[in-house]
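Remarks on the overall topology
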Amino acid sequence: MKHETRKPLKIVGNSNSPGGYFSEALIVGDGEIEGDLDCITLKCVGNSRINGNLKAEIFKTVGSTSVSGSVTSRDIRIAGNVDTKGSLKADTIVVRGGLEVRESISAGEMRARGYLTVKKNCEAERFSSTGPLVVDGLLNAEHVDLKLHSRCRVAEIGGETISVHRGNAARISEILKSLFLPPDYMSGKLVADTIEGDDIHIEHTKARVVRAKHIVIGPGCEIELVEYKSSFHCHGRSIVKTEKKVK
Amino acid sequence: MLVLSRYSDASNNNELRSNLAIDNVTVFCYINAEVIDMENELISKKDLLELTGISYGQLYRWKRKLLIPEEWFVRKSTFTGQETFFPRDRILDRIAKIKNMKEDASLDELADILSPTPTDLQVSRSALADGKIVSSAALELYESVSGKGDAFAFGDVLFVYLLDKMLQSGNISGEEGKILLSTLKEHFASFEGQHCDVIFLRKLGVSTCLLVTAPQQIYFDDATRVAGRLSVTSSIEELKTKLVNGGL
C-alpha cells in the first residue's frame, strides 16, 4: 500500500467512493466514502460521511461530516459539525461549530468554540473551549481554559493551570444570539466531580473536590471540599463546605 | 511436541484450566484471570503526591505523555466519593525512575523507554558483541538458531537479552534456551505491546516455555517446577535504559 502512488479524489454533487489512498481529497456536496480514507488533505464542503477510519495530514470541513471510525490527523479545522464514533488524534484541532467524539481526543492544541462533546477522555497540551462543553471522562491538559456557556459538564479536570470563567459576548451579538441560542446560553455553569491542578481559578462551578497549590474560587461556586497547599481565596458569594490546608 | 499456550482473555471464566502436553508428560495449570496483583496494595493519589513531592500538574503531564499507564489509575469508591488509587509499589518505582531520568532525557524519550512496546532501534552486531548488554554465550546461541546478521532490530536484541537473563540465572540450559527462543520468535509478536511474562517449566525432566499476559496468577500441578519467570515488560525497560545509557 505504502508505495502506491497517491492520486487526487474529487466528489462533486451526489456521489460515493470506496475510499483508499489519495493525495488531495475534495468533497463538495453530498459525498460518501465506503471504507478507510487515507489522504494528505481532505476538504469537505457540504455533507459527507466516511464509513471507516480517516487519516489525513490536514482535515478541513465546512458543513457536516460524520466518521464511523477514528480520525488521525495533524491539523483539523472544523466549521460546522463533525461527529466521530472512534477517537480523534491530531496536533491541532480548531472547532467552530460542533464536535462530538464517542471515544477520546488526544491533541497538542485544542481550541473549541461551540458545542463540544467527548464521551471518554480529552487530552491536550493546551485546551480552550468557549461554549457548551461535555466531557464524560478526564479532561487533562497543561493549560485548561474554559469559557462557560449553558450547562457544561466535565467528570474530572486535571492539569497545571486551570481557569474556568463564564463566557461573555459583546452586547450586540448577545441580542443576536438570544434569538437562536438556548436561553441559558449567557449564564454558563460548570458541573464537575474533581478538579485537580497546580493553579486553579474557577467561577460558576459546582464541584465535589478541588485540589491544587493555589486556588482562587470566584463567584457562583459551590464546592464540597477544597484542599490547597499554598494559597486559597474564596469569593463572598460562593459556598465552600470544607476547606483544608495540606502539607 | 511442544505445545505453547497463551491466555490473554479469560472471557467470563474466572479460572481457566488447561493442560499442556509435552511428550508424554502432562502439565496442569490454573490461571486465575481475575485476581490481578494490583489488588495487593494501593496508594491514594493524595498520599502519593505527598510521599513523592510531585504536583498534580506533573502527574497529569506524565499521564498524558504515557509515562504512567492508564490501567494504573484505579478508581474506587470511598466514603467521600470516588477517588483514584495506584498500585503502590509500581507507581513509586515508576515515579522514582522518571525523576531520576528526566534530567538526561526528554519526556518523550522517557515515554519511549518506559513503554511496553519495542522501539524501532537498530543495534549493530559489534556493539552487542562487546558483552556489556548481553553475554557472548547468549549471542552465540541466538546466532546458532537464527543465523548471523550485521544489525539487530530491537525485538531481536530483546530475545537475546531475555535468553541471557535466563541463562545467567542458571535456571535453564543452552538447549532449553533454544526452546525459549523459538517460543518468543513465534508468539511474542501476538502480544502487541501488552505486558507479558515468560515462564519456563520443567516436569519429569521435560522442559517447556510459555508466555502469558501479565499480571496474571498461574498455578501448576505439584510435580511441575517453575524453572524461571521473567517479566518481559520490565526487561524491555531495563534493556532500553541500557541501550540509551550505552549511547546506542
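See above for the structure.
This report concerns the structure included in the present document. Every chain's residues receive numbers from 1 upward, in the order its sequence appears when written. Going through the entries in the order they are written, you letter the chains from A and number the ligands from 1. Where totals are concerned, whole chains, interfaces and linings use all residues; where local detail is concerned, this predicted model gives features only for residues with pLDDT of at least 70, and gives and counts side-chain atom pairs only at 80 or more. Only hydrogens and water are removed before side-chain values are computed, so all heavy atoms of the structure are retained for them.

Quick look at the environment of Glu41(B) now. Residues and elements named next belong to chain B. Put simply, DSSP marks the helices as runs of H or I at least four residues long and the strands as runs of E at least two long, and each gets a number from the N terminus on. Tracing the backbone shows Glu-41 in the loop between strand S2 (25–32) and strand S3 (42–44). Along the primary structure Glu-41 and Phe-85 are separated by 44 residues, whereas in three dimensions their C-alpha atoms are 9.6 Å apart. If we ignore the near neighbours within four places in the chain, the residues touching Glu-41 are Phe-86, Pro-87 and Arg-88. Note on contacts: a residue pair qualifies if any of its non-hydrogen atoms lie within 4.5 Å across the two residues.

Bringing the environment of Leu230(B) into the picture now. All names here are of chain B. In this structure, Leu-230 sits in strand S11 (residues 225–231). Spatially, the C-alpha atom of Leu-230 lies 8.5 Å from that of Lys-165, the residues being 65 residues apart in sequence. Every residue in contact with Leu-230, bar those within four places of it in the chain, is listed here: Leu-162, Lys-165, Met-166, Cys-196, Asp-197 and Val-198.

Turning our attention to the sheet that holds S11(B). All names here are of chain B. Read across the open sheet, the three strands follow the order S9-S8-S11; overall the sheet is antiparallel. Among the strands making up the open sheet, the edge pair consists of strand S9 (206–213) and S11. Geometrically, the sheet is characterised by an average inter-axis angle of 20 degrees between neighbouring strands, direction not taken into account. Sheet topology note: the strand S8 (residues 196–203)/S9 ladder contains eight bridges and is antiparallel. Bridging across to S9, Leu-201 finds its partner in Thr-208. Angles here are taken between N-to-C directions and fall from 0 to 180 degrees, while the axes themselves are lines fitted to C-alpha atoms, restricted in helices to the stretch in contact. On the sheet, helix H7 (residues 154–168) packs against S8 and S11 and is oriented at approximately 140 degrees with respect to S11. On top of the sheet, helix H8 (residues 174–187) reaches S8 and S9; it is set at about 30 degrees to S9, its chief contact. At least two bridges found by DSSP between two strands are what make those strands a pair.

Next up on the list: the pairing of strand S10 (residues 151–166) of chain A. All names here are of chain A. The pairing of strand S9 (residues 133–148) with S10 spans twelve bridges and is parallel. Each residue of the ladder has a partner; that of Val-144, found in S10, is Ile-162. The pairing of S10 with strand S11 (residues 189–196) spans seven bridges and is parallel. Each residue of the ladder has a partner; that of Cys-152, found in S11, is Leu-190.

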